[in-house]
Amino acid sequence: MTVFVLVSGPFTDERVWSEVTGPLRESGAEAHPVTLSRWPGADLQTHVDDVVRLIDSLEPGPDAKVVLVGHDYAVHPVLGAADRRPERIARIVYLDAGLPQDGDPALALVPDPAVGELLRADADSGREPASATAPAPAPVPVPAPEEWRRWGSTEGLSAERLRQLTALAAPQPARTLTRPLRLTGAAADVPTTGILCTAGGVTFETVQALVRTGPPQFRRLADPRVGFFELATGHWPMLSRPRELAEVLLRAAAGVGRRLTAPEGEWDPFREPFLLDVPELPRVRDGRLDLHLPEPDPARGPRPAVLFVHGGPVSRDLDATPREWPFYVGYARYAASLGAVGAVVDHRLHGIADYARAAGDVAAAVELLRADPRVDPGRIAVWVFSGGGLLAADWITAPPRWLRCLALTYPILAPLPGWGAVGARFHPVDALPADGGALPPLVLTRAGRETPQIAATVESFLDRAARTKAPVEVIDVPHGVHGFEIHNRTDESREAVTRAMRTVLGHLGVTPA
């Protein structure tokens, strides 16, 4: 018999599952919705304990298969409980939820930026509470009916349904969101299913693209024990599509679901050699910044510099960080081989709530770069990639005089669906000024086979740039995918990289031979 343990996201309790439990029980399964503790001092561990107690209360039975379902935030206590009772769990279902890792607080995935600001001080005060008696911050208040969209797509929910949701909700204890998830890895082999609510913008194809072209940590989603379903609705399918959700849960429990594919073997795209042959040149390290230096020439004096800003988010647990990847080393060496200092910064964009910290890392790297005696502080270019594109908003909003060029390669130029935690500051489309003439030259390299969600942000940026007469030069790679330098090692890709580099260096006053 299949035994479902249903754990809902923030503010809600077991009542949110009332229209799902009936169909599950009609099928012959057991369904046990959970109400997590709501007292102000409750934290994430309290909620893990809540789920563990429910699991322990179940009659094991020789054929019982316990399926833990975590919606949104609730995947954190679900994972914590599975880690403590792995022998009892047949499957974990991520219902429109993120992929938290050991040490991650739920706040990192909260889409409402106002909540991030409200709780950031508690999250930054330490990875654990200062003491058992330390007062907890005030709980996060229940959203008003019109505010639920900050937590996810409300497609499929009427105005009356949203009012009911608010009426039934309770404040979320702050430390359930700020305390880190602790996992030992005991449940690492438990099969999993992801249910994607596509009205929020994430589809099976989006996840497949991440596995194919994204950071290495996404490749584990192609494990054959991981299945996926899509529901064409918003973030609360237990309210908008309850019977359809029940059917999907039953199929997930049976091991059904679409599977992702990954490149064969142990191929790591970010360890592939750079697509151009570039010479190995001297490298020096200063904190988070690596400088790749051109051949010395006393007659030329300090050189202009290009700062390469990696994309992400990337895992904090990588064996080699981006400045060690041949990809960014190759770009920096290429710039150095043509007469500029090529610099790479290791910024700490580990989650979508980390953009402010990453921006601080990049700003500090710029100051280190400009202070280096080998660098001309008045001739700097910043070159951002992929998810690092949102960091360009600061340079677009207030471009300094020394910024001679801003380059963007297959950038994300507006927060993607579900990325509300990024905040309004990091929105390059909105940052474009009415008078584009105040900007430095922008060099945008566009992948012709870009994922639709990212392509939409680029098109919005270019539409606004055209209206404001912003100085944008577009370099198209018609057959290129996101990360074309790795995945499309063609003459078209090499020509695009060469043209982009020479264009950027031209704005720095460097004329390669």
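So, here's what we can say about the structure. Just so we're clear, the structure is a prediction, and the values are computed from it rather than from any experiment.

**Points about the overall build of the protein**
Then step 1. A count of helical and extended segments in the protein gives 16 helices and 14 strands.
Then step 2. Here the protein has a C-alpha radius of gyration of 25 Å; the compact-globule value for 513 residues is 24 Å, and the two agree.
Then step 3. Dimensions of the protein along its principal axes, counting C-alpha atoms only, are 80 × 45 × 45 Å.
Then step 4. Residues counted as buried form 54% of the 513 residues belonging to the protein.
Then step 5. For the protein, restricting intrachain contacts to residue pairs at least 6 apart in sequence, the fraction spanning at least 24 positions comes to 79%.
Then step 6. Of the accessible surface of the protein, which amounts to about 20,900 Å², a share of 52% is contributed by carbon and sulfur atoms.
Then step 7. Taken together, the 53 basic and 63 acidic charged side chains of the protein have centroids lying 3 Å from each other.

**Description of the sheet that holds strand β4 (residues 89-95)**
Then step 1. Taken together, 6 strands build an open sheet; the order of strands is β2-β1-β3-β4-β5-β6 and the sheet is parallel. Each edge of the open sheet is held by one strand with a lone partner, namely β2 (30-34) and β6 (226-231). Taking each pair of neighbouring strands and ignoring which way they run, the sheet shows an average axis angle of 20°.
Then step 2. As paired strands, strand β5 (residues 192-197) and β6 are joined by 6 bridges and run parallel to one another. Each residue of the ladder has a partner; that of Thr 193, found in β6, is Gly 227.

**Remarks on the packing of aromatic side chains**
Then step 1. Under the defined criterion, the tally for this structure stands at 20 aromatic pairs.
Then step 2. Aromatic side chains Phe 11 and Trp 148 sit 5.7 Å apart centroid to centroid with 90° between the ring planes, which places their arrangement in the edge-to-face category. Of this pair, Phe 11 sits in the loop between β1 (2-7) and α1 (18-26) while Trp 148 sits in the loop between α4 (113-124) and α5 (159-168), and the two are 137 residues apart along the sequence. Pair check on accessibility: Phe 11 and Trp 148 agree, each one buried.

**Re the layout of surface pockets**
Then step 1. Estimates place the volume of the second largest pocket at around 190 Å³.
Then step 2. Taken together, Pro 282, Leu 293, Pro 294, Glu 295, Pro 296, Asp 297, Gly 301, Pro 302, Arg 303, Val 341, Pro 373 and Arg 374 form the lining of the second largest pocket.

**Notes on unusual backbone geometry**
Then step 1. With an omega of 5°, the peptide bond running from Gly 312 to Pro 313 counts as cis.
Then step 2. Checked against the element boundaries, Pro 313 lands in the loop between β9 (303-309) and α10 (326-337).
Then step 3. Look at Asp 72: it is not a glycine, yet its phi comes out positive at around 55°.
Then step 4. The topology assignment puts Asp 72 in the loop between β3 (65-71) and α3 (75-84).
Then step 5. At Tyr 410, a residue that is not glycine, the phi angle is positive and equals roughly 30°.
Then step 6. Position of Tyr 410 among the secondary structure elements: in the loop between β12 (403-409) and α13 (428-431).
Then step 7. The class of Tyr 410 is buried, set by a relative accessible area of 4%.

**Digging into the sheet that holds strand β13 (residues 442-447)**
Then step 1. The strand order across the open sheet formed by 8 strands is β7-β8-β10-β9-β11-β12-β13-β14, and the pairing between neighbours is mixed. The two strands at the open ends of the sheet, each matched to only one other strand, are β7 (283-286) and β14 (472-477). For this sheet, the mean inter-axis angle between neighbouring strands, taken without regard to orientation, is 20°.
Then step 2. Where strand β11 (residues 375-385) meets β12, 6 bridges bridge the pair, whose relative direction is parallel. When the sheet's bridge partners are listed, Ile 380 is paired in β12 with Leu 403.
Then step 3. Against the sheet, helix α14 (residues 452-468) contacts β13 and β14, and its axis sits at roughly 145° relative to β13.
Then step 4. Relative to β14, helix α16 (residues 491-507) is tilted by about 165°, and along the sheet it contacts β9, β11, β12, β13 and β14.

**Side note on empty space enclosed by the protein**
Then step 1. In this structure the tally under the stated criterion is 2 cavities of 30 Å³ or more.
Then step 2. Estimated volume of the largest cavity: approximately 40 Å³.
Then step 3. Taken together, Gly 9, Pro 10, Phe 11, His 71, Asp 72, Trp 148, Trp 151, His 235 and Trp 236 form the lining of the largest cavity.
Then step 4. The class makeup of the residues in the lining of the largest cavity is 5 nonpolar, 3 polar and 1 charged.

**As for the side chain of Glu 450**
Then step 1. Counting through the fold element by element, Glu 450 comes out in the loop between β13 and α14.
Then step 2. Overall, Glu 450 belongs to the buried group, its relative accessible area being 12%.
Then step 3. With sequence-adjacent residues up to four places away left out, Glu 450 is seen in contact with Tyr 410, Ala 455, Gly 480 and His 482.

**A closer look at the pairing of strand β10 (residues 341-345)**
Then step 1. Counted residue by residue, β10 has 5 buried out of 5 residues, so it is predominantly covered.
Then step 2. By the alternation rule, side chains of β10 split into Val 341, Ala 343 and Val 345 and Gly 342 and Val 344, which are all buried.
Then step 3. Pairing between strand β8 (residues 289-292) and β10: 4 bridges, direction antiparallel. Of the residues in β10, the one forming a bridge with Leu 291 is Ala 343.

**Looking at the side chain of Thr 457**
Then step 1. With respect to the helices and strands, Thr 457 occurs in helix α14.
Then step 2. Overall, the relative accessible area of 7% leaves Thr 457 in the buried class.
Then step 3. There is a polar contact of 2.7 Å between the side chain of Thr 457 and the backbone oxygen of Ile 454.
Then step 4. Sequence-distant contacts of Thr 457, that is, excluding residues within four places in its chain, are made with Pro 411, Ile 412, Leu 413, Ala 414, Leu 416 and Val 429.

**Thoughts on the pattern of salt bridges**
Then step 1. Tallying each qualifying case throughout the model produces 27 salt bridges.
Then step 2. The salt bridge involving Arg 84 is made with Asp 49; its shortest N-O contact spans 2.6 Å. Here Arg 84 is found in helix α3, whereas its partner Asp 49 is found in helix α2 (residues 44-57), with 35 residues between them in sequence.
Then step 3. According to the relative accessible area criterion, Asp 49 is partly exposed, its value standing at 25%.
Then step 4. Salt-bridge contacts for Arg 225 lead to Asp 189; the nearest nitrogen and oxygen are separated by 3.3 Å. Taken as a pair, Arg 225 in the loop between α7 (204-213) and β6 and Asp 189 in the loop between α6 (175-178) and β5 lie far apart in primary sequence, 36 residues in all.
Then step 5. Residue Asp 189 is classed as exposed on the basis of its relative accessible area of 57%.
Then step 6. When salt bridges that share partners are traced, they join Arg 283, Arg 285, Asp 290, Arg 323, Glu 324 and Asp 346 into one network.

About the cut-offs
Residues numbered from 1 in each chain as written. Predicted model: local features only at pLDDT ≥ 70, side-chain atom pairs only at ≥ 80, totals over all residues. Heavy atoms only, no water. Helix = DSSP H or I, 4+ residues; strand = E, 2+ residues; numbered from the N terminus. Rg over C-alpha atoms; globule rule 2.2 N^0.38 Å. Buried < 20%, exposed > 50% of the residue type's maximum accessible area, 1.4 Å probe, protein only. Contact = heavy atoms within 4.5 Å. Areas by Shrake-Rupley, 256 points an atom, 1.4 Å probe, with all protein chains shown as cover. Lys, Arg positive; Asp, Glu negative; His and termini not counted. Charge placed at Lys NZ, Arg CZ, Asp CG, Glu CD. Pairing = 2+ DSSP bridges. Axes fitted to C-alpha atoms, helices over the stretch in contact; angles between N-to-C directions. Phe/Tyr/Trp six-rings, centres within 6.5 Å; stacked < 30°, edge-to-face > 60°. 1 Å grid on protein atoms, 1.4 Å probe; cavity = no way out; pocket = protein on both sides within 12 Å on 5 of 7 lines; lining within 4 Å. Points joined across faces, edges and corners; volume = space filled by probe spheres on them. Nonpolar A, V, L, I, M, F, W, Y, C, P; charged D, E, K, R; others polar. Polar contact = N/O pair within 3.5 Å; in protein donor to acceptor, adjacent residues only side chain to side chain. Salt bridge = Lys/Arg side-chain N within 4 Å of Asp/Glu carboxyl O.

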